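# Results of the structural survey
These are the residues of each chain, in order.
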Amino acid sequence: ISILDSISDGFFRLDRQFRVTFVNETGARAIGQTRESMLGRVLWEIFPEAVGSAFERAYRKAMTERVTATAESAYPPLNAFFEAHAYPSEDGISVFFRDVTDRRRVEQTLRESQADLNWAQSVGRIGSWRLNVQRNELLWSDENHRIFGVPKGQPLSYEKFLAIVHPEDRAYVDQKWTAAMQGEPYDIE
């Protein structure tokens, strides 16, 4: 059990009646409890707001179906998001969990930034792209797809891009690209 006290994830074990039989210090602290306040009590009595949540569904699934179940959801009483993995054991389930609030906030910020970039490119009628040279995988912004009339979701490569460049410009574009691969600036119209 000492290893469970040293891990950075929260951990608790429930018997088949959902009574807490063990909780590590990290876990108790993460959910605003103490070990003493949790041990021997039914989880739903400790956390009545969790009844009907993704966590309850995952824990009940792990308990009744004897399969691993995962949930990631907000837990409003703690103003936090948690990710939990429930594993069946002989006498109940074991749950590893962690607070993923910071990660979720970063993901939301990235989604908002992407939406702002898409909007700015649409208004400015300019697109952007990236090429993974090792995999020859070309990634276009939504606006680039619109500009070139290529449906989103279609796999792209440098050769596919070059094929849609105006025939009179292909040699010039390819020459500039080849020079860019050798360290020259790539700035063409």
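Owing to the predicted nature of the structure, the values given are computational and were not obtained by experimental measurement. (Residues numbered from 1 in each chain as written. Predicted model: local features only at pLDDT ≥ 70, side-chain atom pairs only at ≥ 80, totals over all residues. Heavy atoms only, no water.)

Moving on: the sheet that holds strand β2 (residues 20-23). Here 5 strands make up an open sheet; going across it, the order is β2-β1-β5-β4-β3 and the pairing antiparallel. The open sheet terminates on both sides in strands that have one partner only, identified here as β2 and β3 (69-75). Averaged over all adjacent pairs, the angle separating strand axes in this sheet is 20°, with direction ignored. Judged from the 7 bridges that link them, β3 and strand β4 (residues 80-89) form a sheet pairing that is antiparallel. For Y75, the partnering residue across the bridge sits in β4 and is A80. Strands β1 (10-15), β3, β4 and β5 (92-99) of the sheet are contacted by helix α5 (residues 54-65), whose axis makes an angle of about 160° with β3. Lying on the sheet, helix α6 (residues 101-124) is in contact with β3, β4 and β5; it crosses β4 at an angle near 125°. (Pairing = 2+ DSSP bridges. Helix = DSSP H or I, 4+ residues; strand = E, 2+ residues; numbered from the N terminus. Axes fitted to C-alpha atoms, helices over the stretch in contact; angles between N-to-C directions. Contact = heavy atoms within 4.5 Å.)

Membership of the largest hydrophobic core comes to 28 residues, with the highest contact counts inside it found for F12, L14, M38, L43, F47, Y59 and I93. Residue assignment for this core shows that the elements contributing at least two residues are β1, β2, α4 (43-46), α5, β3, β4 and β5. In terms of residues, this core owes the most to one element, α5, which gives 5 residues. Among all residues touching F47, those that are not within four sequence positions of it are I31, Q33, M38 and Y75. Formed by 11 residues, the second largest nonpolar core is a distinct cluster that contains V150, L156, L162 and V173. (Core = buried A, V, L, I, M, F, W, Y, C linked by side-chain atoms within 4.5 Å. Buried < 20%, exposed > 50% of the residue type's maximum accessible area, 1.4 Å probe, protein only.)

Moving on, we come to the layout of surface pockets. The volume enclosed by the largest pocket comes to roughly 370 Å³. Along the wall of the largest pocket there are 14 residues; nearest its centre are F148, F161, Y186, I188 and E189. Elements with a minimum of two residues in the lining of the largest pocket: α7 (142-148) and α9 (170-181). Per-element tally for the lining of the largest pocket: the top contributor is α7, with 3 residues. Considered as a void within the structure, the second largest pocket measures approximately 270 Å³ in volume. In terms of lining residues, the second largest pocket is bounded by 15 residues, among which S128, R130, L139, W140 and S141 are the most central. Of all elements in the fold, only α6, β6 (129-132) and β7 (137-140) reach the threshold of two or more residues within the lining of the second largest pocket. Element by element, the count of residues in the lining of the second largest pocket is highest for β7, at 4 residues. Its residues assigned to classes, the lining of the second largest pocket comprises 7 nonpolar, 6 polar and 2 charged. (1 Å grid on protein atoms, 1.4 Å probe; cavity = no way out; pocket = protein on both sides within 12 Å on 5 of 7 lines; lining within 4 Å. Points joined across faces, edges and corners; volume = space filled by probe spheres on them. Nonpolar A, V, L, I, M, F, W, Y, C, P; charged D, E, K, R; others polar.)

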